[in-house]
Amino acid sequence: MSADPGIVIIGASLAGAKAAQALRLDHCYDGPITLVGDEPHLPYQRPALSKGYLLDTTGPGDLDVLKPRFYVDQDVTLALGVPAAALDLDARRARLADGTELPFARVLIATGARPRRLQVPGADLDGVRYLRNRDDSEHLAAALRAAGDVVVIGAGWLGCELAAASRTFGNHTTVIDPLPTPLYPVLGDQVGGLIARRHHDHGVNLLLGDGVEAILGTRSVEAVQTITGRTIPADLVIVGVGATPNTELAQAAGLNVDGGILTDGHLRTSHPAAVAAGDVARHQHPRYLNPVRIEHWDNAAIHGTAAAATMVGKPPAIDHVPYFFSTQYGSTLEYLGLPTTWDRIITRGEHTAHGFTVFWLDRSIPVAALTIDNPGAADHLRTLISTAYPADPRRLADPGTPLPDLLPKAPSRTS
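Treat the numbers as computed from the prediction; the structure is a model and nothing was measured.

Caption draft 1: Summary view of the sheet that holds strand 4 (residues 84-88). With antiparallel pairing, the three strands of this open sheet are ordered in space as 4-5-6. With partners counted over all chains shown, the strands left at the sheet margins are strand 4 and strand 6 (101-103), one partner each. Averaged over all adjacent pairs, the angle separating strand axes in this sheet is 20 degrees, with direction ignored. Here strand 5 (residues 93-96) pairs with strand 6 via three bridges, running antiparallel. Across the sheet, the residue bridging to alanine 94 is leucine 102, located in strand 6.

Caption draft 2: Here's a closer look at the sheet that holds strand 25 (residues 365-372). Ordered by their spatial adjacency, five strands build an open sheet running 21-22-25-24-23, and the pairing between neighbours is antiparallel. Single-partner strands in this sheet number two, and they are strand 21 (323-328) and strand 23 (344-348). With strand direction ignored, the average angle separating the axes of adjacent strands in the sheet is 15 degrees. Here strand 21 pairs with strand 22 (residues 331-337) via six bridges, running antiparallel. Residue pairing for strand 22: phenylalanine 324 is matched across the bridge by tyrosine 335. In the packing of helix 4 (residues 157-168) onto the sheet, contacts are made with strand 21, strand 22 and strand 25, and the angle to strand 21 comes to roughly 20 degrees.

Caption draft 3: Molecular detail of the nonpolar core. In terms of nonpolar packing, the biggest core is built from 30 residues, with Ile9, Leu23, Ile33, Tyr71, Val76 and Leu108 touching the most fellow members. For this core, the secondary-structure elements that each account for two or more residues are strand 1 (7-10), helix 1 (14-26), strand 2 (33-37), helix 2 (68-73) and helix 7 (297-311). For this core, the element with the most residues is helix 1, which contributes seven residues. Counting 24 residues, the second-largest nonpolar core is a separate cluster that includes Tyr53, Val175, Ala196 and Ile238.

What counts and what doesn't
- Residues numbered from 1 in each chain as written.
- Predicted model: local features only at pLDDT ≥ 70, side-chain atom pairs only at ≥ 80, totals over all residues.
- Heavy atoms only, no water.
- Pairing = 2+ DSSP bridges.
- Helix = DSSP H or I, 4+ residues; strand = E, 2+ residues; numbered from the N terminus.
- Axes fitted to C-alpha atoms, helices over the stretch in contact; angles between N-to-C directions.
- Contact = heavy atoms within 4.5 Å.
- Core = buried A, V, L, I, M, F, W, Y, C linked by side-chain atoms within 4.5 Å.
- Buried < 20%, exposed > 50% of the residue type's maximum accessible area, 1.4 Å probe, protein only.

As structure tokens, then:
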């Protein structure tokens, strides 16, 4: 091994594990690597926590980002169950909560995010739950099995998945959200309305355009009172109202923070010793005017690999089209893009049919797409959006036109 003091990765997460993997296997980095995590588990993948793991169709081993042998075979030191307490970036040292000090040449901060807490009377009652980590998922699964009346607060991606899971457990399920449709900020009212219809069809009671005034009960949850005065019986309340990035460690270390740890397009922070990745990073993206912070599996995986390259002096361009996926009622929804504006929506196929796709266009350029039960389509849609090239709306709307045929053709060469 070299005399390099090494790399410390704070966050035993998808991004953190992918960074360790890329350092060893892609870049043949031979310095010490220490992976620090506040949970006792090996790095695992979070999407299944609201899907298969919650429904007991995905086993614990299936969550692992890397095989357990990787850390032994590749000499990656694990410091699990002990969170990082402080960073001295100028001195290049990290201090853990148990007093351990770790020297480093470079540090990757991948501390993720935590659920935003509900700030209403009764929010601390027994029976109010959040979902972020593996233990949360296990406890929530047990609660859903025992529940009868479930209220989900929030109709974003997570709230929609939790509502679908609750119905799978057979519970009477109500979703409350102040916006007019599920996923309204992402999908708008037209497509959000289609998602609402799917939940209605599966027996979910949607209270949209309403909010939570209070959670009622003595020691445990008994009901939810809405702003409009409705009282909804509940013995379990699940809150999914967004996430807050875990920036406290970075901020205390003097890094620039604004809605996430601010980085350049290569994930470099305001200090040369530190990079940031995953849910906690708000990075300059060449496709978007303002820095973006993206909370999803695809982004974390890309960030981890990119952060490794940056730390060994090979900063890559990070210009991927954001990708999100969700499973609800046995259907897979894939969404690509992160548009701030659009002026036209085009649908392709019937919303009840496999392969249904929606395109969001800005001046005829596809800036986002949602496809449902359409295996293999995401790669074509990602390429279509990445070209930022005007498309023929009639061909977009025609299910008979194969998706690969929608991609711009390279100009032919003339002799």
